Amino acid sequence: MFTGTDLKLAEKLVQTIRFFNAKGWSPATSTNYSVRSSNPNEFIISKSGVDKSQFELTDLILINDQGVVLPPYNLTGVKSSAETEIHTELYKRFPKVNCVLHTHSLLGTILSQAMVKQWELRFEGLEILKGLEGNATHEMTEGLPIVPNSQDMKDIMQFLEPQFNKQATLHGFLIAGHGLYSWGKDIPTAKRHIETFEFLLECYQVTRRI
């Protein structure tokens, strides 16, 4: 079991997972979540195949920066998500990031599929944009990249490479027909980013209908 600082991080991550599930952003056993542990090269991550409405502290495991499940969590049949590589690669790319969260909301799934050919959604002039770290005003445009889905996580990271180079500050991205990834310096920041983007997706969908 986790102890000390890691226990506090794990408890906060469980609270966030339950909050997202109550919002309807983690149907079935979908979605995955992680936080950097007290060891900067190890990560507390959600176990694969768990119903998020029933998620408990015991459903979190520890992995290294290669995605290998570490003792005492490396029991037979215990594994993290197939998308673990996305988490580990984001931590490598952004050393100041300490939490990565992934949701499967209805709008995140539908809009990403419908808009994948334009490669991003753009949000402009909305007060909620200040919910994203570093945004000091609503008088701006925020791009949310969309990449094609793939069973190979290396493909997804490769699709993202031009977006990493294009935007000075990237707060998240969508995988087409799949869902939203966002991150932050800590769990509350990453949670706020997910909430901000999910609200922006609602705004985008309503605007399309007007």
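Residues numbered from 1 in each chain as written. Predicted model: local features only at pLDDT ≥ 70, side-chain atom pairs only at ≥ 80, totals over all residues. Heavy atoms only, no water.

1. What to know about the pairing of strand β4 (residues 99-103)
Then, in step 1: With five of five residues buried, β4 is to be regarded as a mostly interior element.
Then, in step 2: Burial along β4 is two-sided: the face carrying Cys99, Leu101 and Thr103 and the face carrying Val100 and His102 are both buried.
Then, in step 3: Pairing between strand β1 (residues 32-36) and β4: four bridges, direction antiparallel. Counterpart to Val35 in the pairing with β4 is Cys99.
Then, in step 4: Two strands pair when backbone bridges link them, and β4 and strand β8 (residues 179-184) are joined in this way by five bridges, in the antiparallel orientation. (Buried < 20%, exposed > 50% of the residue type's maximum accessible area, 1.4 Å probe, protein only. Helix = DSSP H or I, 4+ residues; strand = E, 2+ residues; numbered from the N terminus. Pairing = 2+ DSSP bridges.)

2. Remarks on the packing of helix α1 (residues 4-22) against helix α5 (residues 187-209)
Then, in step 1: Where α1 contacts α5, the two axes come as close as 10 Å, and the packing angle between them is 10°. Considering the angle they form, α1 stands roughly parallel to α5. Crossing geometry of α1 relative to α5 is assigned as right-handed. Of the residues in α5, those touching α1 at Leu9, Lys12, Leu13, Thr16, Phe19 and Phe20 are Ile187, Pro188, Lys191, Ile194 and Glu195. (Axes fitted to C-alpha atoms, helices over the stretch in contact; angles between N-to-C directions. Parallel < 35°, antiparallel > 145°, perpendicular 65-115°, else oblique. Left-handed = near helix turned anticlockwise from the far one by under 90°. Contact = heavy atoms within 4.5 Å.)

3. Here we look at the pairing of strand β2 (residues 42-46)
Then, in step 1: The element β2 is extensively covered by neighbouring structure, given that four of its five residues are classed as buried.
Then, in step 2: Pairing between β1 and β2: three bridges, direction antiparallel. Residue pairing for β2: Val35 is matched across the bridge by Ile44.
Then, in step 3: The turn linking β1 back onto β2 is made up of five residues.
Then, in step 4: Of the pairings in the sheet, the one linking β2 to strand β3 (residues 60-64) comprises five bridges and is antiparallel in character. Within β3, the position partnered with Glu42 by the bridge is Asn64.

4. What to know about the pattern of salt bridges
Then, in step 1: Tallied over the full model, the rule gives ten salt bridges.
Then, in step 2: Connected via shared salt-bridge partners are Glu133, Lys185 and Arg192. (Salt bridge = Lys/Arg side-chain N within 4 Å of Asp/Glu carboxyl O.)

5. Concerning the nonpolar core
Then, in step 1: Judged by nonpolar contacts, the single largest core of 61 residues is most densely connected at Leu60, Ile86, Leu121, Phe123 and Phe173.
Then, in step 2: Examining the composition of this core, we find that seven residues originate from one element, α5, more than from any other.
Then, in step 3: With near-sequence residues (within four places) excluded, Leu60 lies in contact with Phe2, Ala10, Leu13, Val14, Ile17, Ile44, Ile45, Ser46, Phe55 and Tyr73. (Core = buried A, V, L, I, M, F, W, Y, C linked by side-chain atoms within 4.5 Å.)

6. Comments concerning the sheet that holds β4
Then, in step 1: Pairing within the open sheet is mixed, and its eight strands lie in the order β3-β2-β1-β4-β8-β7-β6-β5. With one partner strand each, in any of the chains shown, β3 and β5 (120-124) form the two edges of the open sheet. Each adjacent strand pair in this sheet contributes to an overall mean axis angle of 20°, direction not counted.
Then, in step 2: Packing of helix α2 (residues 84-93) onto the sheet brings it into contact with β1, β2, β3, β4, β7 (172-175) and β8, and relative to β1 it is tilted by some 30°.
Then, in step 3: Across the sheet, α5 lies against β1, β4, β5, β6 (141-147), β7 and β8, angled at about 145° from β8, the strand it touches most.

7. A few points about the side chain of Asn135
Then, in step 1: Relative to the helices and strands, Asn135 resides in the loop between β5 and β6.
Then, in step 2: Residue class for Asn135 comes out buried when judged on its relative accessible area of 14%.
Then, in step 3: Here Leu129 takes part through its backbone oxygen, which lies 3.0 Å from a polar atom of the side chain of Asn135.
Then, in step 4: Contact partners of Asn135, with chain neighbours within four places excluded, come to Leu129, Lys130, Met140, Glu142 and His171. (Polar contact = N/O pair within 3.5 Å; in protein donor to acceptor, adjacent residues only side chain to side chain.)

8. Things to note about the packing of aromatic side chains
Then, in step 1: Under the counting rule described, the total for this entry stands at ten aromatic pairs.
Then, in step 2: Taking 6.0 Å as the distance between ring centres and 40° as the angle between the ring planes, the aromatic pair formed by Phe20 and Tyr33 counts as tilted. You can see Phe20 sitting in helix α1 and its partner Tyr33 sitting in strand β1, a full 13 residues away along the chain.
Then, in step 3: Ring geometry for Phe123 versus Tyr204: centroids 6.1 Å apart, planes at 80°, classification edge-to-face. Placement of Phe123 in strand β5 and of Tyr204 in helix α5 is noted, with a sequence separation of 81 residues between them. Summarising the burial analysis for this pair, Phe123 and Tyr204 share the class buried.
Then, in step 4: Members of the aromatic cluster, connected to one another through ring pairs, are Phe94, Phe164, Phe173, Tyr181 and Trp183.
Then, in step 5: Taking NZ or CZ as reference, Lys191 lies 4.1 Å from the ring centre of Phe19, over its face. (Phe/Tyr/Trp six-rings, centres within 6.5 Å; stacked < 30°, edge-to-face > 60°. Lys NZ or Arg CZ within 6 Å of the ring centre and 35° of its normal.)

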